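Examining the three-dimensional arrangement
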Amino acid sequence: MLRTALLQSSGTPGDVAKNLEALDAAAASAAAGGAGLLVAPEMFLTGYAVDVPALAEPADGPGARAVAEIAERHGIAVLYGYPERAGERVFNSARLVGRGTSAGYRKTHLYGCFERESFTPGDNPVVQAELDGLRIGIMICYDVEFPENVRAHALAGTDLLLVPTAQMHPYQFVAESLVPVRAFENQMYVAYVNRVGPEGGFDFVGLSCLAGPDGVARVRAGRAEELVMGDVDPGLLAASRNTNPYLGDRRPGLYGALVRSSDR
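Attention here is on the structure that accompanies the text. As the structure is a prediction and not an experimental result, all values here were calculated from the model. (Residues numbered from 1 in each chain as written. Predicted model: local features only at pLDDT ≥ 70, side-chain atom pairs only at ≥ 80, totals over all residues. Heavy atoms only, no water.)

Attention shifts here to the overall build of the protein chain. Within the protein chain, the secondary structure is distributed over seven helices and 14 strands. Its C-alpha atoms give the protein chain a radius of gyration of 17 Å, within 12% of the compact-globule value 18 Å for 264 residues. Referenced to the eigenvectors of the C-alpha coordinate spread, the extents of the protein chain come out at roughly 50 × 45 × 35 Å. Looking at the 264 residues of the protein chain, the share that counts as buried comes to 51%. Accessible surface for the protein chain amounts to roughly 11100 Å². Of this, 52% is attributable to carbon and sulfur atoms. (Helix = DSSP H or I, 4+ residues; strand = E, 2+ residues; numbered from the N terminus. Rg over C-alpha atoms; globule rule 2.2 N^0.38 Å. Buried < 20%, exposed > 50% of the residue type's maximum accessible area, 1.4 Å probe, protein only. Areas by Shrake-Rupley, 256 points an atom, 1.4 Å probe, with all protein chains shown as cover.)

Now the structure itself:
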């Protein structure tokens, strides 16, 4: 059983130091509540509607080292979003650290003009790590809205998919309806962790949730800053996979049109 804490917060956009303080406090609360994993939203380290080039840092930069120290101090794994600089390119990235695990993911599907102007898309759709006997997958926000992305994780054996997000009004149906369906049709847990409130020209809707393989949200946050926790149960996951036929009933030979050369 992996108790997973979802930090629904936009932090303080543009102030990395204050966001690290908020992450430290959340990690302390999560660990005190028995959580082994804390998930923070997309771009939590810096804020979303910010001067991305000025705040971007390497995957092993000072922010990463500070988060690793937080994770070690509280004995908890932490997944957080940040802008990653790699030479001249900047990626919208998420990093998982702590409790002997480490993985980095770059958002593959960029949403809207702001992201396409600020970031380079990643090209590795399936990034995984191991934690407490579970296979953890990572993607970011808009990525989960592409069924092919999540199905690739299902076929790779992901048990718990972490999705830090910056999902905005008026698309709250993604959090309310689409994410639980993704969990059900792919037989996995999905931790969808959102920003909340106005920021720049955006209005983030919150509604973070941990959805189970039965399509039920085990926990769901509201529309304010909040830390909620739910359990990822390997026993329930195994039982659900044993009775749900989706993956076993696939007919991949019929799906060639999904990978036509004209697709981008």
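On we go.
All right, on to a nonpolar patch on the surface then. A grouping of Leu155, Phe184, Tyr246 and Leu247 is seen on the molecular surface, where their side chains present a nonpolar patch of about 350 Å² in accessible area. Residue position: Tyr246 is located in the segment after α7 (234-243). Overall, Tyr246 belongs to the partly exposed group, its relative accessible area being 41%. (Patch = residues over 30% accessible without salt bridge, like charges linked within 9 Å, V, L, I, M, F, W, Y side chains within 5 Å. Salt bridge = Lys/Arg side-chain N within 4 Å of Asp/Glu carboxyl O.)

What follows is about the environment of Arg99. Relative to the assigned elements, Arg99 resides in the loop between β4 (89-98) and β5 (101-106). In sequence terms Arg99 and Tyr48 are 51 residues apart; their C-alpha atoms lie 27 Å from each other. Look past the residues within four positions of Arg99 in its chain and what remains in contact with it is Leu2, Gly36, Gly75, Ile76, Ala77, Leu131 and Asp132. Within the structure, the side chain of Arg99 is placed 3.2 Å from the backbone oxygen of Gly36, a separation counted as a polar contact. (Contact = heavy atoms within 4.5 Å. Polar contact = N/O pair within 3.5 Å; in protein donor to acceptor, adjacent residues only side chain to side chain.)

Using the criterion set out here, one finds eleven salt bridges in the structure. Salt-bridge contacts for Asp231 lead to Arg3; the nearest nitrogen and oxygen are separated by 2.8 Å. Pair noted here: Asp231 is in strand β14 (residues 226-232) and Arg3 is in strand β1 (residues 2-8), with a separation of 228 residues, a long-range link. In this structure Arg3 comes out as partly exposed when scored by relative accessible area, which is 32%.

Time to look at the environment of Leu237. Within the secondary structure, Leu237 is located in helix α7. On the basis of relative accessible area, Leu237 is assigned to the buried category, the value being 3%. Between the C-alpha atoms of Leu237 and Asp214, which are 23 residues apart in sequence, the distance is 8.7 Å. Contact partners of Leu237, with chain neighbours within four places excluded, come to Asp159, Gln187, Met188, Tyr189 and Pro213.

Scope: geometric values only; no functional claims are made or implied.
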